[in-house]
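Residues per chain are reported as follows:
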Amino acid sequence: MPRNKNFISPAEALIPPRPSLSSLKNAAADCQACDLWKTGTQTVFGEGAKRVKVMFVGEQPGNEEDLTGRPFVGPAGRLFDDALEAAGIERKQTYVTNVVKHFKWEPRGKRRIHKKPNSLEIASCRPWLEAEIAVIKPDVIVALGATAAQALLGPQFRVTKQRGEFIQSTLAPYVMATVHPSSILRAPDDETRHLELRSFIDDLKKLAKAIK
Ligand code: URA
């Protein structure tokens, strides 16, 4: 995972010795490594069993995730669940997490609108993601969307060009990036949404085949 060698995240100091998923989750609950803890309701840590082959990495929790404390449970999560099912993958056989573990938002009227995390917030949160990968040691890591893909594979990575391809990486035997489910929800019309959903399911089917 590319990292800035001149920056040591304060989160490094919070990683417990010989971490487990539950000790990591407990420690991350108190993380103040960047300022997002001030506006997020809670840390939304990754979720899933330890012995899974596939790890999905999204960008950051959204509104519903922030309120419930669980990743991918809002509208994008529901689309993700349907796509997983269509590809023959059970969500409970995967681990789902995010690059940034607090919801970044700005007010618009009464709503809280998602705001993209910046490079400092991503770098501050990186120790948690690295620790999750080290504990789970997944066979496949799938980045959902450009923020996750670039955090995992470098800023030159282009989801538009390389989606659905297995990428050579030291992170896991198989690493792939595809679109973020919320980009499918934002499609301008039903036909485009349907086509984009099909391509997303096709990408997931490739990884289902890889782990068989
Ligand atoms: N989008 C993400 O990237 N992650 C979530 O957990 C929810 C929405």
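For clarity, every value in this text was computed on a predicted model and none was experimentally measured. (Residues numbered from 1 in each chain as written. Predicted model: local features only at pLDDT ≥ 70, side-chain atom pairs only at ≥ 80, totals over all residues. Heavy atoms only, no water.)

Undergrad: When you look at the overall build of the protein chain in this model, what are you seeing that I'm missing?
TA: Helices and strands together make up the secondary structure of the protein chain, namely eight helices and eight strands. Radius of gyration (C-alpha) of the protein chain: 16 Å, near the 17 Å computed for a compact globule of 212 residues. Each of the 212 residues in the protein chain was classed as buried or not, and the buried ones make up 50%. Long-range pairs, those at least 24 residues apart, make up 73% of the contacts in the protein chain between residues at least 6 apart in sequence. As displayed, the protein chain has an accessible area near 11100 Å², and 53% of this comes from carbon and sulfur atoms. Taking the average place of the 32 positive charges on the side chains of the protein chain and the average place of its 24 negative ones, the gap between the two points comes to 4 Å. (Helix = DSSP H or I, 4+ residues; strand = E, 2+ residues; numbered from the N terminus. Rg over C-alpha atoms; globule rule 2.2 N^0.38 Å. Buried < 20%, exposed > 50% of the residue type's maximum accessible area, 1.4 Å probe, protein only. Contact = heavy atoms within 4.5 Å. Areas by Shrake-Rupley, 256 points an atom, 1.4 Å probe, with all protein chains shown as cover. Lys, Arg positive; Asp, Glu negative; His and termini not counted. Charge placed at Lys NZ, Arg CZ, Asp CG, Glu CD.)

Undergrad: What's the story with helix α1 (residues 21-28) in this structure? I'm lost.
TA: Considered for burial, the residues of α1 that qualify are Leu21, Leu24, Ala27 and Ala28. All buried residues of α1 project into a common sector of 130° when viewed along the axis, lining one side. Turning to α1, the residues buried within the fold contact β1 (47-48), β3 (94-98) and α4 (119-136). (Arc of directions from axis to C-beta.)

Undergrad: What is the right way to look at the sheet that holds β3 in this model?
TA: In a beta sheet, neighbouring strands are held together by backbone hydrogen bonds and run either parallel or antiparallel to one another. Judged by pairing direction, the sheet is mixed, and its six strands sit side by side in the order β1-β3-β2-β6-β8-β7 without closing on themselves. The two strands at the open ends of the sheet, each matched to only one other strand, are β1 and β7 (166-167). Relative to strand β6 (residues 140-144), strand β2 (residues 54-58) is paired through four bridges, and the arrangement is parallel. Paired with valine 54 across the bridge in β6 is valine 140. (Pairing = 2+ DSSP bridges.)

Undergrad: In this structure, what is going on with the side chain of threonine 94? I would like to understand it.
TA: By secondary structure assignment, the location of threonine 94 is in strand β3. Here arginine 91 takes part through its backbone oxygen, which lies 2.7 Å from a polar atom of the side chain of threonine 94. In this structure, threonine 94 is in contact with Glu47, Gly48, Ala49, Val52, Val54, Phe56 and Ile89, ignoring residues within four places of it in sequence. (Polar contact = N/O pair within 3.5 Å; in protein donor to acceptor, adjacent residues only side chain to side chain.)

Undergrad: Looking at this model, I keep getting lost on the packing of aromatic side chains. Mind explaining?
TA: Each pair of aromatic rings is reported with the distance of its centres and the angle of its planes. Per the stated rule, a full pass over the model turns up four aromatic pairs. With a centroid separation of 5.4 Å and 45° between ring planes, the pair formed by phenylalanine 72 and phenylalanine 80 is classed as tilted. Of the two residues, phenylalanine 72 and phenylalanine 80, both sit in the buried class. Consider the rings of phenylalanine 166 and tyrosine 174, whose centres lie 5.1 Å apart with planes at 65°: the pair is edge-to-face. Residue phenylalanine 166 is classed as partly exposed on the basis of its relative accessible area, which comes to 34%. The class of tyrosine 174 is partly exposed, set by a relative accessible area of 35%. An aromatic cluster of at least three residues, connected via ring pairs, comprises Phe56, Phe72 and Phe80. Looking at lysine 101, its charged tip hangs above the ring of phenylalanine 45, at a distance of 5.7 Å from the centre. Stacked on the ring of tryptophan 105, the Lys or Arg arginine 112 has its end atom at 5.2 Å from the ring centre. (Phe/Tyr/Trp six-rings, centres within 6.5 Å; stacked < 30°, edge-to-face > 60°. Lys NZ or Arg CZ within 6 Å of the ring centre and 35° of its normal.)

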